[in-house]
Amino acid sequence: MPAPTTPAPAVTVLGLGLMGYALADALLTAGHRVTVWNRTPAKADPLVARGATLATSVRDAIESSPLTISCVLDYDTQRTLLAPAAGALHGRTLVSLTNGSPAQARGTEAWAQALGATYLDGGIMAVPHQIATPEAFLLYSGAEDPFDQHRTTLAVLGTPHHLGTDVSLASLYDLALLSAMDMMFAGFFHAVAVATSHKETTATAFTEHLTAWLRSMIGMLPVMAADIDSSAPPVYAQSLDLVVAAARNMAEAAREAGVRPDHFDRTVTDLTHRITAGETEYTASAAVTHARIPTTG
Ligand code: NDP
């Protein structure tokens, strides 16, 4: 006779927007008993049809499971929703997958701990259709115990990475990763605007070359990261004169194409100041140092 299998633990999901719905859907598919709550209850209908329970209040939702995952618009919304049901969190775990800042993560952890709840802050590095696929990974930070306790459940959503006990780490990484993505997209839009200023070019044709170029450039990032972490002479270094000349050309190409050259004009100005101050090399370490807001005093 086969050994009886332990049922997957109960989970509550607060928020059924595009992401919250995908999370609840994945947990349901993985065999969890899922309770959901959403401001607009009708969004739960397909989940309820598949076996989820729709709670009529946030308190009832939290009381249905040892683990509550919150995924709403922002932290202000989350706090407003949780405040009247705060007492129900005692002895339970709250995982926030709502996008927020490191300070908001620290504030929510202190608030949850004062209520006798355990808290994990998380960042979802995926879009809704990637949830529960090998492409999805999620970053967590905060106490290790609740992470270990709920790891199997959290792994349903995507590969879970616990970054450390400092609760601010997940949102710090999350927002840094989103910043890199945002700047990459801004670079893409700028490049397409420049390239498609020529009547014989299409975004599709140009993007074939762009993706090949970025794929090869991405291989340089670990080399630069190692340079930044090391005090040895850098592996990656270029002359600042060369980088300024290239930035000047990129600004000029943008101007000719009728595209805003502001970013490259600023780069030329900044790098020229560095040359005037006696710098000669463009290195990853120096670029990171110059990215920081100078401290005074
Ligand atoms: P949606 O805009 O699709 O959904 C927003 C959710 O917040 C809904 O459940 C909505 O309820 C709820 N909400 C908004 N305002 C209020 C309010 N005043 N009171 C109560 N509930 C409210 O967003 P997503 O689901 O896509 O995103 C949710 C979180 O996940 C965000 O923090 C987002 O940054 C993060 N995230 C999203 C990703 C994505 O690709 N979508 C990727 C990674 C993270 P209602 O249904 O009633 O409107």
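Keep in mind the model is a prediction, meaning the values are calculated, not measured.

Trainee: Account for the nonpolar core, with residues named and values stated.
Mentor: In this structure, L23, I69, L97, I124 and L157 are the most contacted members of the largest nonpolar core, which totals 31 residues. Elements with a minimum of two residues in this core: β1 (11–14), α1 (18–29), β2 (34–37), β4 (67–70), β6 (118–125), β7 (137–142) and α6 (144–155). Considering each element in turn, this core owes the most residues, seven residues, to α1. Contact partners of L97, with chain neighbours within four places excluded, come to L23, I69, S70, C71, G122, G123, I124, L138, Y140 and L157. Core analysis: the second largest hydrophobic core is formed by 19 residues, V58, L82, A86 and Y119 among them.

Trainee: Tell me about the packing of helix α4 (residues 75–82) against helix α5 (residues 102–114), and name the residues and values.
Mentor: Relative to each other, α4 and α5 sit at 10°, their axes nearing to 11 Å. The angle between the axes of α4 and α5 places the two elements in the roughly parallel class. For the pair α4 and α5, the sense of crossing is left-handed. Contact with α4, carried on its side by Y75, Q78, R79 and L82, involves Q104, A105, T108 and W111 of α5 and no other residues of that element. Each residue belonging to the contact of α4 with α5 can be placed in one class, and the counts come to four nonpolar, three polar and one charged.

Trainee: Before we move on, could you go through the pairing of β4 and cite the residues and values that matter?
Mentor: Burial along β4 is two-sided: the residues L67 and I69 and T68 and S70 are all buried. Two strands pair when backbone bridges link them, and β1 and β4 are joined in this way by four bridges, in the parallel orientation. When the sheet's bridge partners are listed, L14 is paired in β4 with S70. Pairing analysis gives four bridges linking β4 to strand β5 (residues 93–96), with the strands arranged parallel. Counted as the bridge partner of S70 is S96 from β5.

Trainee: Quick rundown of the pattern of salt bridges? Include the residues and the values.
Mentor: Side chains that differ in sign of charge can pair as their charged atoms come close. Tallied over the full model, the rule gives six salt bridges. Between R50 and D25 there is a salt bridge, and its shortest N-O distance comes to 2.2 Å. Highlighted residues: R50 in the loop between α2 (45–49) and β3 (53–54) and D25 in helix α1, separated in sequence by 25 residues. The exposure class of R50 is partly exposed, given its relative accessible area of 43%. Between R274 and E279 there is a salt bridge, with the nearest N and O atoms lying 3.2 Å from each other. Several salt bridges share partner residues, and in doing so they unite E252, R255 and D265 into one network.

Trainee: A description of the pairing of β1 should follow, citing residues and the corresponding values.
Mentor: Of the two faces of β1, the one carrying V11 and V13 and the one carrying T12 and L14 are both buried. Across four bridges, the pairing between β1 and β2 is parallel. Residue pairing across strands places L14 opposite W37, the latter belonging to β2. Note on the crossover from β1 through α1 to β2: the handedness is right-handed.

Trainee: Outline the sheet that holds β1, listing residues and values.
Mentor: Within a sheet, neighbouring strands are paired by backbone hydrogen bonds and run either parallel or antiparallel to one another. On the basis of which strands lie adjacent, the open sheet formed by eight strands has the order β3-β2-β1-β4-β5-β6-β7-β8 and mixed pairing. Each of the sheet's edge strands pairs with one partner strand only, and the pair in question is β3 and β8 (159–162). Pairing of β5 with β6, which is carried by four bridges, proceeds in the parallel orientation. Bridge pairing in β6 places L94 opposite Y119.

Trainee: Could you give an account of the site of the ligand, with specific residues and numbers?
Mentor: Near the ligand you find 22 residues, and of these M19, N38, T40, K43 and N99 are the closest. A distance of 3.2 Å separates an oxygen atom of the ligand from a polar atom in the backbone of L16. One of the side-chain nitrogen or oxygen atoms of N38 is found 2.8 Å away from an oxygen atom of the ligand. Contact with the protein chains covers 73% of the free accessible surface of the ligand, which is 900 Å². Residue assignment for the shell around the ligand shows that the elements contributing at least two residues are α1 and α4. Here the residues of the shell around the ligand sort into 12 nonpolar, eight polar and two charged.

Analysis parameters
Residues numbered from 1 in each chain as written. Predicted model: local features only at pLDDT ≥ 70, side-chain atom pairs only at ≥ 80, totals over all residues. Heavy atoms only, no water. Core = buried A, V, L, I, M, F, W, Y, C linked by side-chain atoms within 4.5 Å. Buried < 20%, exposed > 50% of the residue type's maximum accessible area, 1.4 Å probe, protein only. Helix = DSSP H or I, 4+ residues; strand = E, 2+ residues; numbered from the N terminus. Contact = heavy atoms within 4.5 Å. Axes fitted to C-alpha atoms, helices over the stretch in contact; angles between N-to-C directions. Parallel < 35°, antiparallel > 145°, perpendicular 65-115°, else oblique. Left-handed = near helix turned anticlockwise from the far one by under 90°. Nonpolar A, V, L, I, M, F, W, Y, C, P; charged D, E, K, R; others polar. Pairing = 2+ DSSP bridges. Salt bridge = Lys/Arg side-chain N within 4 Å of Asp/Glu carboxyl O. Right-handed = clockwise from strand over helix to strand, strands pointing away. Near = heavy atom within 4 Å. Polar contact = N/O pair within 3.5 Å; in protein donor to acceptor, adjacent residues only side chain to side chain. Areas by Shrake-Rupley, 256 points an atom, 1.4 Å probe, with all protein chains shown as cover.

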